[in-house]
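The chain contents come next:
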Amino acid sequence: MSGTRIELRTAPHAHAPVDVPLIMRHVIYALLPIVAWSVWLFGLGTLLLILTVTATALATERLLGGEGGERSIRDGSAVITGLLLALTLPPAFPLWMGVVAAVAAIGLGKMLFGGLGMNPLNPALVGRAFVQAAFPASITTWIPPLGAERFTSVAPSTLAPPFLRPEGLAEWIADQRVDAFTGATPLGLFKFDGVITPLRDLLAGTTAGSAGETPALLIVACGLYLAFRRFLDWRIPLAVMAGVVLAAGPLHLLDAERFPDPWFMLLSGGLMLGAWFMATDMVGSPVTPWGVLIYGLLIGLLTVVIRLFGGLSEGVMYAILLANAATPLIERLTQPRVFGAARRKE
Amino acid sequence: MNGESPKPVTWETFAAGLWRENPVFVMLLGMCPVLAVTNSAVNALAMGLATTFVLVASGLLVSLLRAAIPKQVRIATYIVIIATFVTIVDYTIQAISLDLYNALGAFIQLIVVNCIILGRAEAYASRNRPLPAVVNALGMGVGFTFALLCLGGVRELLGAGSLFGVALFGDRFEPWVVMLLPPGGFLVLGGWLLLFAWLRRRRGQAVSVEGGTCHTIR
């Protein structure tokens, strides 16, 4: 009985050095290239918007977090919400509306439900849905990419004083010396004018659209990085894309005039950003194997239905929010059988 | 709450409806008009005053007739009394301002089924003398109007940039469209409930309502 000590421990004995702040940090790293590309495309005003929205998201989290606020901003999840939200807003969105969106995202979408891990819906999308309902005109006002003076001037709408209507954007766009800018996103162009944007532009992101939703190729690359590091479930974006193809493909075969081909549906709008970075939100997505598949297919299907048959030209946001809301039900229906338990008798 | 205890009319008789038993922020009654007609402060005020009038008048009449009303048919009797006063309000508003009448729509007639009024008649007016019944109904009415104004004010301020129809931000104001839509009603109501719950907790008041007054009709 001398000298030998046996230490008793309970399982698990092996620990992976992965915790929430680490995952969040890597998601931020994965978002940074998209942010950089977005600033390159749309200029100084977009950089201001991204910084403002992210700072507001952090401040809201700190303020509403109460005593735990100090700790909860350090895990980095509020930064991600802020970045994602900013990337889904139009590049020349007024800063003050960006502040409203960020407060709604963190306040209504996250803290109200109890903070990180408790939110049933994706906070960034809650923020965007709020400003979509509050400011329908500003959220559908786009600027052309690669404007001539994008690094020397800021769109007047960005700096609109709080509570006032943004004005003078048309003159600013005229100063950008861009050929034939119609003020619509590829999806809008298709829906209202029947024009299909070339795939090359969709892949590189040189189209009008929300700040960070346009460069499809870059988003996939950043998403793949996270998938390889296993910080997101690769089945979800895959299922979303499969859902889009399964819904849009047959329609395209049926009537190629009315319905665009699946490639266009996949690469336009916010689908890539939504599929890789929003639908994969660990809190709002199911964990069961079959549930993930149903969830992803549901998002893809709803997106196509809203885009082709709805009043709006883009539907990824609502599709993901609806699927988030359906997640508890999906998980309930797809509970795997407990290993060793008897099969349920009919 | 047993029969004819002659309670003295105190400040508390009146103030119960303002704060401690506020029909909207504490009892969460009458949600239908609260959410539906509060898209402007004027609508809210008109709805509040109309409801207050019906509350006071029906409270008085129920209290006067409380000995004559058979227990078995009391609810039906209350409804008839309330409906009478609602009809008066209905025609009066129509005569004063047709615009207002159209803005409030069916919600004036729906005052008949407003559970605050029926609740007051059942839980207070039918068990008290006319004076306390009227004072209590007045307090409830003022509390209801206050709550409606809280919602209507915020919604009109953000949704139209004005208050009681007076523009406050000039013509460059960007309206928050969502505030005038149904979701805005729910959001603002939630915000006020949060604020008042927080205030009550800070003052250390338990959220309890005087025995029986609102448990009967919730």
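Residues numbered from 1 in each chain as written. Chains lettered and ligands numbered in written order. Predicted model: local features only at pLDDT ≥ 70, side-chain atom pairs only at ≥ 80, totals over all residues. Heavy atoms only, no water.

Caption draft 1: Up close: the interface of chain A and chain B. At the interface, 16 residues of chain A touch 12 residues of chain B. Connecting chain A to chain B are one salt bridge. The tally of links from chain A across to chain B stands at six residue pairs in polar contact (both at pLDDT 80 or more). Of all the elements in the fold, those that place two or more residues in the side of chain A that touches chain B are helix H5 (95-109) and helix H6 (123-134) of chain A. Among the elements that take part in the side of chain A that touches chain B, H5 of chain A stands out by supplying four residues, more than any other. Of the residues that constitute the side of chain A that touches chain B, the class distribution is 13 nonpolar, one polar and two charged. (Contact = heavy atoms within 4.5 Å. Salt bridge = Lys/Arg side-chain N within 4 Å of Asp/Glu carboxyl O. Polar contact = N/O pair within 3.5 Å; in protein donor to acceptor, adjacent residues only side chain to side chain. Helix = DSSP H or I, 4+ residues; strand = E, 2+ residues; numbered from the N terminus. Nonpolar A, V, L, I, M, F, W, Y, C, P; charged D, E, K, R; others polar.)

Caption draft 2: Examining the nonpolar core more closely. In terms of nonpolar packing, the biggest core is built from 138 residues, with Leu 31, Phe 130, Val 131, Trp 276 and Phe 277 of chain A together with Phe 25 and Trp 176 of chain B touching the most fellow members. For this core, the leading source of residues is helix H1 (residues 20-42) of chain A, giving 10 residues. If you count residues domain by domain, this core takes at least three from each of domain 1 (19-141 + 143-182) and domain 2 (184-208 + 234-334) of chain A. With residues near it in sequence (within four places) discarded, Phe 25 of chain B still touches Phe 146, Ala 147, Cys 150, Leu 151, Leu 189, Trp 192, Leu 193, Phe 196 and Arg 200 of chain B. If you look at the next biggest cluster of nonpolar residues, it comprises eight residues, including Ala 92, Leu 169, Trp 172 and Ile 173 of chain A. (Core = buried A, V, L, I, M, F, W, Y, C linked by side-chain atoms within 4.5 Å. Buried < 20%, exposed > 50% of the residue type's maximum accessible area, 1.4 Å probe, protein only. Domains from an automatic or database assignment.)

Caption draft 3: Fine view of the confidence of the model for chain A. Mean pLDDT for chain A: 89, with 98% of residues reaching 70 or above. The secondary-structure element of chain A with the lowest mean pLDDT is helix H3 (residues 69-74) of chain A, recorded at 81, while H5 of chain A shows the highest, at 95. (pLDDT = per-residue confidence, 0-100.)

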